[in-house]
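# A structural walkthrough
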Amino acid sequence: MKKTLGALILLLIMAINLKICYAAEKIKITFWHAMGGSRAAFINRMVEDFNYTHPGIEVKAEYKGSYRDTLNSAILAYKQGNAPHIVQIFEVGTQLALDSHIFMPFQDTIKPTDYALLDDFIKPVANYYRIKGKFNSVPFNSSNPILYYNKTMFKKAGLDPENPPKTFNEVIKACKKLKKAGAKYCITWPLHSWFVEQWVAEQGALLANNENGRKARATDIYINSEAMKKIMKWWKILYDKGYYAYSGKPEDWDGANNLFISGQAPMLITSTSDVTILENAAFEHGFKLGTAFIPIPDGTERNGVVVGGASLWLTKGHSKKEIEAAKEFLLWFTNTENEVRWHKGTGYFPVRESAVNVLKFEKWFDKHPAYKAAFDQLLQTKVNRATQGALIGNFPEIRTIIEEAIQEILAGKPINYVLNEADKKADNALKRYNDSIK
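Described below are features of the structure shown in this document. (Residues numbered from 1 in each chain as written. Predicted model: local features only at pLDDT ≥ 70, side-chain atom pairs only at ≥ 80, totals over all residues. Heavy atoms only, no water.)

## Considering the overall build of the chain
Within the chain, the regular secondary structure consists of 21 helices and 13 strands. In terms of overall dimensions, the chain is globule-like: its C-alpha atoms have a radius of gyration of 24 Å, near the 22 Å expected for 438 residues. Dimensions of the chain along its principal axes, counting C-alpha atoms only, are 95 × 55 × 35 Å. Burial analysis of the chain (438 residues in total) assigns 55% to the buried set. Restricting the contact set of the chain to residue pairs at least 6 apart, pairs at least 24 apart contribute 79%. Accessible surface computed for the chain: about 19700 Å², of which carbon and sulfur atoms make up 54%. (Helix = DSSP H or I, 4+ residues; strand = E, 2+ residues; numbered from the N terminus. Rg over C-alpha atoms; globule rule 2.2 N^0.38 Å. Buried < 20%, exposed > 50% of the residue type's maximum accessible area, 1.4 Å probe, protein only. Contact = heavy atoms within 4.5 Å. Areas by Shrake-Rupley, 256 points an atom, 1.4 Å probe, with all protein chains shown as cover.)

## Some words on the environment of isoleucine 231
Mapped onto the secondary structure, isoleucine 231 falls in helix 11 (residues 226-240). Given a relative accessible area of 0%, isoleucine 231 falls into the buried group. Setting aside residues up to four positions removed in sequence, isoleucine 231 forms contacts with Phe168, Val196, Trp199, Val200 and Gln203.

## Brief notes about the sheet that holds strand 10 (residues 244-245)
In space, the 5 strands of this open sheet follow the order 10-9-11-8-12, with mixed pairing throughout. Edge strands, defined here as strands with exactly one partner in the open sheet, are strand 10 and strand 12 (289-292). Sheet topology places strand 9 (residues 187-188) next to strand 10; 2 bridges connect them, and they run parallel. Following the sheet pairing, isoleucine 187 is matched in strand 10 by tyrosine 244. Those strands touched by helix 12 (residues 253-261) are strand 8 (145-150), strand 9, strand 10, strand 11 (267-271) and strand 12, and its axis lies near 150° from that of strand 11. (Pairing = 2+ DSSP bridges. Axes fitted to C-alpha atoms, helices over the stretch in contact; angles between N-to-C directions.)

## What to know about the pairing of strand 3 (residues 86-90)
In terms of burial, strand 3 is a largely internal element, 5 of the 5 residues being buried. Residues Ile86, Gln88 and Phe90 of strand 3 are buried on one face, and the alternating residues Val87 and Ile89, pointing to the opposite face, are buried as well. Sheet topology note: the strand 3/strand 13 (residues 308-315) ladder contains 5 bridges and is antiparallel. Residue pairing across strands places valine 87 opposite tryptophan 313, the latter belonging to strand 13.

## Let's talk about the packing of helix 2 (residues 37-53) against helix 14 (residues 320-333)
Relative to each other, helix 2 and helix 14 sit at 120°, their axes nearing to 11 Å. Overall, the two elements helix 2 and helix 14 adopt an arrangement that is oblique. Where helix 2 crosses over helix 14, the handedness of that crossing is right-handed. From helix 2, Ile43, Met46, Val47, Asp49 and Phe50 reach across to helix 14, where they touch Glu328, Phe329, Trp332 and Phe333. (Parallel < 35°, antiparallel > 145°, perpendicular 65-115°, else oblique. Left-handed = near helix turned anticlockwise from the far one by under 90°.)

## Some points on unusual backbone geometry
One non-glycine residue, asparagine 212, adopts positive backbone phi at about 65°. Mapped onto the elements, asparagine 212 comes out in helix 10 (residues 209-213).

## Side note on the pattern of salt bridges
It is possible for side chains of opposite charge to pair when their charged atoms get near one another. Taken as a whole and judged by the stated rule, the model has 22 salt bridges. Between glutamate 324 and lysine 327 there is a salt bridge, and its shortest N-O distance comes to 3.3 Å. You can see glutamate 324 and its partner lysine 327 sitting in helix 14, 3 residues apart, about one turn around the helix. The class of glutamate 324 is partly exposed, set by a relative accessible area of 37%. (Salt bridge = Lys/Arg side-chain N within 4 Å of Asp/Glu carboxyl O.)

## Focus: the environment of serine 193
As for its position among the elements, serine 193 is in helix 9 (residues 193-202). For the pair formed by serine 193 and glutamate 404, sequence separation is 211 residues and the distance between their alpha carbons is 9.6 Å. Setting aside chain neighbours within four positions, we find serine 193 in contact with Arg399, Ile402 and Glu403. Looking at serine 193, its side chain comes within polar contact range of the side chain of glutamate 197, at 2.7 Å. (Polar contact = N/O pair within 3.5 Å; in protein donor to acceptor, adjacent residues only side chain to side chain.)

## A closer look at the packing of helix 8 (residues 168-180) against helix 11
One way to put it is that helix 8 packs onto helix 11 with a least axis distance of 11 Å and a crossing angle of 0°. Judged by the inter-axis angle, helix 8 sits roughly parallel to helix 11. Where helix 8 approaches helix 11, its residues Phe168, Val171, Ile172 and Cys175 are matched on the opposing element by Lys230, Ile231, Trp234, Ile237 and Leu238. Class assignment of the residues belonging to the contact of helix 8 with helix 11 gives a composition of 8 nonpolar, no polar and 1 charged. (Nonpolar A, V, L, I, M, F, W, Y, C, P; charged D, E, K, R; others polar.)

## Here's the deal with helix 20 (residues 395-410)
The end-to-end C-alpha separation of helix 20 is 23 Å, in line with the 22 Å expected for 16 residues at 1.5 Å each. Burial in helix 20 covers these residues: Phe395, Pro396, Ile398, Arg399, Ile401, Ile402, Glu403, Ala405, Ile406, Ile409 and Leu410. For helix 20, the secondary structure elements touched by its buried residues are helix 3 (67-79), strand 3, helix 9, helix 11, strand 10 and helix 21 (415-436). One or two residues past the end of helix 20 sits glycine 412, with phi positive at roughly 115°. (Expected span 1.5 Å × (residues − 1).)

## Here we look at the environment of lysine 344
Assignment of secondary structure puts lysine 344 in helix 15 (residues 336-346). The exposure class assigned to lysine 344 is partly exposed, which follows from its relative accessible area of 28%. For lysine 344 and histidine 368, which are 24 residues apart along the polypeptide, the C-alpha to C-alpha distance reads 9.8 Å. Excluding anything up to four places from it in sequence, lysine 344 contacts Thr276, Leu359, Glu362, Trp364 and Tyr371.

## With respect to the pairing of strand 13
Within strand 13, 8 of the 8 residues are buried, leaving the element largely enclosed by the surrounding structure. Here strand 13 shows two buried faces, one formed by Gly308, Ala310, Leu312 and Leu314 and the other by Gly309, Ser311, Trp313 and Thr315. Relative to strand 13, strand 4 (residues 103-104) is paired through 2 bridges, and the arrangement is antiparallel. Paired with methionine 104 across the two strands is leucine 314, which belongs to strand 13.

Spatial relationships are all this shows, so hold off on functional conclusions.
In structure tokens:
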């Protein structure tokens, strides 16, 4: 009896020691992201699921503020010797991320037998993130802008709720009727360069030289192009007539959403990532929500949109075990099942062909038509340099210059003058950036 009891105690001690040893060997991974609010909670749930099913790895997700803040914080942390393992970086931070030299190409961390996972990304997404034949990061949350509209107010104004405006002039015509029907404004979108970039691409035009910085490093920004002038003239007409409204602050996404949700503006152009939020808001406020492709300049053949959103990057300077653990997490986090889950919970479109096939099999888009317009617009996008998007090292700074120019135009300054001045300012800023990394 004593021998049996002794043996049991010995086994218990060994089990405890093994548990302690196992816990001590757990590989800890830090993941910095820019998703706030409900999306942060969604990411935390996914990370918890990973940690539960991968007991040897512990991932800690941390919200670091805006996309700009997250990237800048990562670069600073790396210089200080305490970089996170994984960083979510917005699409226009791609060239800066490459130039920072703090990240390792994701494709270099996986085996050739895993390349099928890279081939699974849908073409428009792969078109953006595959640079010189290589994925430096893993596409995760991708989006593009679509038109949201209040079907209930459209019907009240005598407009066809199943046939929203498709061109700039059709928007103006619809606005006349919507204003007569009692709408305070007509249309809103955040005062953000992202929408300008989309309308430039829709015209098949480029934002920068050297094939949008894809053939060689960009050295010239095309802010005073004819494509840009078309956009600004239309925007100014809408503003002067009282049709377009925004909160008064650049890049105020919530402000534009609130104008739409409150019924002050029956049309909204914003990210596909807001489908779930706006669908719920429409139900709560008692109106029917419609979604459609973004309107384009008249006489323009629809070319397509540029992928927005972000991808996930691996930082250098970590142990081999940590890099392997981080890679394992990334492959799990962006797998088919989780892409389906992420799409349904947020509205960001699925970036994998396999995830699209699952959603089609489930008839998801038939049951939830608000999501369909976003995805159809993406799939109908032509794969070329315009829709591939520009690679510009100081893209965030260029966006600020464009946004400041828009504010000056809306305030009454001549369009050609403002765009010429902004073009010079952007070219000088780009030259300073390019010189700084030589």
